[in-house]
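Given next are the chains, with one letter for each unit.
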Amino acid sequence: QTYEIFSKRNHYFYPFIIKHDSSKAIHMHIIEVQDKDTEKDFLRVPEIIYKDHKSWIPHLESDIKAVFDPEKNQQFKSGFLKRWVLKNTGGKLIGRIAAFINNNLAYTYKQPTGGFGFFECIDDQQAAFLLFDTAKSWLNDQGMQAMDGPINFGEKDRYWGLMVDGFENERPYLLSYNPQYYRAHFEAYGFQTYYEQYVYRIYADTVLPPIMEKKFQRLTETQGYHFEHLKLKNIEKYAKDFITIYNKAWSKAHENFQPMTLEKAIDTFKKMRIVVDEKLVIFAYHNNEPVAFFVNILDINQILKRIKGKMNLLGKLQFLYHKRRGACRVIYGIVFGVIPEYQNRGLETGLIMELRNSVASRQYYKSLIITWIGDFNPKMIKLMDHIGAKREHTLITYRKLFDDTLVFERHPVIN
């Protein structure tokens, strides 16, 4: 298999001729996203790939566009990216990909590592390989020696990982979704599993182990501990508490951690207003110092599947209508953290019990989805099993070393 590549005035418009052993040639054009028309093409690709997928729920178009907007995505302060779409000779869109580099992270690995994401492609290995090659070539030109994907150019709570099971289950808001055939193309190209991410669900009527109630009582009766729920009118106060916990908890638990700024935290909480129920965001304190949090939002995919990902004026009106009618009955747990010196003191149990009590008193929500439990975090996996949560999805974050002779290493386990 060979590629003949022709550049047109440095505009990344590449006609590719892919030659098979059978001497049959498939012509494809890969085009860099540089203007409004190519950006529209980039956003349209999922509609083509998923037109026959009844379980597909479009991501909000405004959310996707924000990832690639330097004014809305703070990753551009330390990084940069390129995007491409893939067309066949008839001009039909058949794929897309984005590649990016975060300079604060890229050089903290053994090999400088970039990322790629927002990959979509028809079920054709050569088309998939062409998209992978394009991302790899650009990243290599920028000095990278490996690439992770599919990942987001931003926070890990969204568009991160390749779904490999649980396709029969309806995915929650912000979780990646893809056709099952993607996995074969990734692994045929030489991607290896860097880590797996698990998504769990626990139903509101699940009976929790009695020991959890005892631990919760012991914790709340211990002098100095108390729980608070988010109050949006005091958003700056809780944003400060959030980054205090987040930066302490993640700095020791995750390799190559980058601290979160107050500006970023406040911006995140403001963006959450439309999906937040104050009773679902819980902070734990010891002697009035923030030590843990459990952040949950509404799973608005229960509404988004009705408006096809378009938050225009009509979409906003429909969203508010369905929200007020009670369409969001599922809770989506997006982040859970305890600072190191307070781990193993029962705060993990305390946060879950505080949420359970809040939900039980209202008898409104049906279930809780807890996402982003890495296979490198056995303590959290054990906790999910202990509370009776059922694993619904598995996603894989892959890594590709450009030098195949190097030894591949998986993400280290958190002790």
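Now for a look at the structure at hand.

Rules used throughout
Residues numbered from 1 in each chain as written. Predicted model: local features only at pLDDT ≥ 70, side-chain atom pairs only at ≥ 80, totals over all residues. Heavy atoms only, no water. Helix = DSSP H or I, 4+ residues; strand = E, 2+ residues; numbered from the N terminus. Buried < 20%, exposed > 50% of the residue type's maximum accessible area, 1.4 Å probe, protein only. Contact = heavy atoms within 4.5 Å. Areas by Shrake-Rupley, 256 points an atom, 1.4 Å probe, with all protein chains shown as cover. Lys, Arg positive; Asp, Glu negative; His and termini not counted. Charge placed at Lys NZ, Arg CZ, Asp CG, Glu CD. Pairing = 2+ DSSP bridges. Axes fitted to C-alpha atoms, helices over the stretch in contact; angles between N-to-C directions. Parallel < 35°, antiparallel > 145°, perpendicular 65-115°, else oblique. Nonpolar A, V, L, I, M, F, W, Y, C, P; charged D, E, K, R; others polar. Core = buried A, V, L, I, M, F, W, Y, C linked by side-chain atoms within 4.5 Å. Phe/Tyr/Trp six-rings, centres within 6.5 Å; stacked < 30°, edge-to-face > 60°. Lys NZ or Arg CZ within 6 Å of the ring centre and 35° of its normal.

**Observations concerning the overall build of the chain**
- Tallying secondary structure elements over the chain gives 12 helices and 15 strands in all.
- In terms of overall dimensions, the chain has a C-alpha envelope of 75 × 50 × 35 Å along the principal axes.
- Within the chain, the proportion of its 415 residues that are buried is 54%.
- Within the chain, counting contacts between residues at least 6 apart in sequence, those at least 24 apart form 74% of the total.
- Within the structure as shown, the chain displays about 20000 Å² of accessible surface, and the carbon and sulfur contribution to it stands at 48%.
- Averaged over its 58 positive side-chain charges, the chain has a centre that lies 5 Å from the centre of its 48 negative ones.

**What about the environment of glutamine 258?**
- By the secondary structure assignment, glutamine 258 is in the loop between α7 (235-253) and α8 (262-271).
- Between the C-alpha atoms of glutamine 258 and asparagine 169, which are 89 residues apart in sequence, the distance is 33 Å.
- When neighbours within four sequence positions are excluded, glutamine 258 is seen to be in contact with Asn104 and Leu105.

**As for the pairing of strand β11 (residues 281-286)**
- With respect to burial, β11 is a largely interior element, 6 of its 6 residues being buried.
- Burial along β11 is two-sided: the residues Val281, Phe283 and Tyr285 and Ile282, Ala284 and His286 are all buried.
- Where strand β10 (residues 225-229) and β11 come together, 5 bridges link them in antiparallel fashion. Residue pairing for β11: phenylalanine 227 is matched across the bridge by alanine 284.
- Two elements, β11 and strand β12 (residues 289-298), share 6 bridges in a ladder whose sense is antiparallel. Across the sheet, alanine 284 pairs through a bridge with alanine 292, a residue of β12.
- Two successive antiparallel strands, β11 and β12, enclose a turn made up of 2 residues, where asparagine 287 displays a positive phi of approximately 50°.

**Overview of the packing of helix α6 (residues 210-221) against helix α11 (residues 347-362)**
- Their axes nearest at 9 Å, the elements α6 and α11 cross at an angle of 100°. With respect to each other, α6 and α11 are oriented roughly perpendicular. Residue-level inspection shows Met212, Glu213, Lys215, Phe216 and Leu219 of α6 in contact with α11, the latter providing Leu347, Thr349, Gly350, Ile352, Met353, Glu354, Arg356 and Asn357.
- Taken together, the residues of the contact of α6 with α11 sort by class into 6 nonpolar, 3 polar and 4 charged.

**A closer look at unusual backbone geometry**
- Cis geometry marks the peptide bond from glycine 149 to proline 150, where omega comes out at -5°.
- Mapped onto the secondary structure, proline 150 falls in the loop between β7 (146-149) and β8 (162-165).
- Of note in the backbone geometry, asparagine 287 takes a positive phi value of approximately 50° without being a glycine.
- Mapped onto the elements of the fold, asparagine 287 is located in the loop between β11 and β12.
- Although it is not a glycine, asparagine 288 sits at a positive phi angle of roughly 70°.
- In this fold, asparagine 288 is placed in the loop between β11 and β12.

**What about the nonpolar core?**
- Counting residues in hydrophobic clusters, the biggest one holds 144 residues, and the most contacted among them are Phe119, Phe132 and Phe242.
- The residues contacting phenylalanine 242, other than those within four sequence positions of it, are Met260, Ala265, Phe269, Phe283, Phe293, Val295 and Val335.

**Considerations on the packing of aromatic side chains**
- In the structure shown here, the tally under the stated rule is 39 aromatic pairs.
- Centre to centre, the rings of phenylalanine 116 and phenylalanine 186 are 5.9 Å apart; their planes meet at 25°, and the pair counts as stacked. Here phenylalanine 116, found in strand β6 (residues 113-121), pairs with phenylalanine 186, found in helix α5 (residues 182-189); they are 70 residues apart in sequence, far enough to count as distant. Pair check on accessibility: phenylalanine 116 and phenylalanine 186 agree, each one buried.
- By the ring-pair criterion, three or more aromatic residues cluster together here, those being Phe116, Phe119, Phe129, Phe132, Tyr181, Tyr182, Phe186, Tyr189, Phe191 and Tyr398.
- Above the face of the phenylalanine 42 ring, arginine 83 is positioned so that its terminal group lies 5.0 Å from the ring centre.

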